[in-house]
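# Report on the structure
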Amino acid sequence: MQKITELDQKSPIAEAYRTIRTNISFSDVDNEIQTILFTSTKQNEGKSTVISNVAYSFSKLENCRVLLMDLDLRNPTVHKMFGVSNTYGLMDNLKNDRPIEKCIHKIEENIHVLPTGSMPPNPTEILSSKKMASFLREIKGKYDYVFIDTPPVGVVSDATIISKNVDGVMYVVGANETDLSHAQVAIENLRKADANILGSVLNKYAMNQSSYAYYSYYYNQDECTGRATRKKKKKFGLFRKKKLSSVR
Ligand SMILES: Nc1ncnc2c1ncn2[C@@H]1O[C@H](COP(=O)(O)OP(=O)(O)O)[C@@H](O)[C@H]1O
Ligand SMILES: [Mg+2]
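Residues numbered from 1 in each chain as written. Chains lettered and ligands numbered in written order. Predicted model: local features only at pLDDT ≥ 70, side-chain atom pairs only at ≥ 80, totals over all residues. Heavy atoms only, no water.

Moving on, we get to the overall build of the protein. Scanning the protein for helices and strands turns up 10 helices and 8 strands. When burial is assessed residue by residue, the protein has 50% of its 248 residues classed as buried. Sequence separation of at least 24 residues holds for 79% of the intrachain contacts in the protein that already meet a minimum separation of 6. Put simply, the protein shows about 12,600 Å² of open surface, and 48% of that area lies on carbon and sulfur atoms. (Helix = DSSP H or I, 4+ residues; strand = E, 2+ residues; numbered from the N terminus. Buried < 20%, exposed > 50% of the residue type's maximum accessible area, 1.4 Å probe, protein only. Contact = heavy atoms within 4.5 Å. Areas by Shrake-Rupley, 256 points an atom, 1.4 Å probe, with all protein chains shown as cover.)

Moving on to the pattern of salt bridges. Across all of its chains, the model carries 6 salt bridges by this definition. E109 serves as the salt-bridge partner of K106, at 3.3 Å between the closest nitrogen and oxygen. (Salt bridge = Lys/Arg side-chain N within 4 Å of Asp/Glu carboxyl O.)

Moving on, we get to the site of ligand 1. Around ligand 1, the surrounding shell holds 11 residues, and the nearest of these are N44, K47, S48, T49 and N203. Separating an oxygen atom of ligand 1 from a side-chain N or O atom of K204 is a distance of 3.1 Å. Here ligand 1 loses 65% of its free accessible area of 560 Å² to cover by the protein chains. Ranked by residues supplied to the shell around ligand 1, first place goes to helix α2 (residues 47-59) with 3 residues. Looking at side-chain class alone, the shell around ligand 1 contains 1 nonpolar, 6 polar and 4 charged residues. (Near = heavy atom within 4 Å. Polar contact = N/O pair within 3.5 Å; in protein donor to acceptor, adjacent residues only side chain to side chain. Nonpolar A, V, L, I, M, F, W, Y, C, P; charged D, E, K, R; others polar.)

Below, the structure written as structure tokens:
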């Protein structure tokens, strides 16, 4: 598996993640959005992949400290995305008082990863505990953004439970993978729980070749001359309104 940190930051994929980053930053201008949960209707739509890349993208902003937390207690994978161990994590802090600094992996200066750690037999109880709520409140003070990976909301209630204690929710939709009516029901359930749904990410969306052409053209120009002229950007479609939050 390619590590998130190895993604070429000039690739079209990294560019798509930066677009998602911008959209999240402007998604709720009235409230400060610091803790953001990602979920989806079912497994394999790309939640862990998308959240890891988005978190990494935020960490590239100047002085932006980011924590990526894995709260998918059923199928934790965030640690694999960054090539770190899951021997200790949040559960060891909540259950056995292991100091949190000894559970967090510092990947780079501004991106830290907190894996789940030892798997609990009772995930729902832990997620709805007061200890978890107070942990989420406290950790906000230590980072600019906290991203939280969760299980699919269409399968278990974990994400709905956590949504009460975060500032916003992002919904990942795997193109051609989710039944629209299932996604609608799942989103409606989140809304009923008063979740602040910031937006959705269309993942695994097949972009056509021409879309790639103008992205690469832009970067070629950027590298050679330090800038792409407005005329060239216009010619190659950079001012065209395009589907913003999609990742291939
Ligand atoms: N945009 C994408 N294009 C191709 N494969 C993807 C994409 N996003 C995720 N995947 C792959 O899909 C599988 C499931 O992704 P994952 O992030 O683990 O999903 P989830 O966390 O929703 O279960 C993984 O093998 C991952 O590499
Ligand atoms: Mg996952």
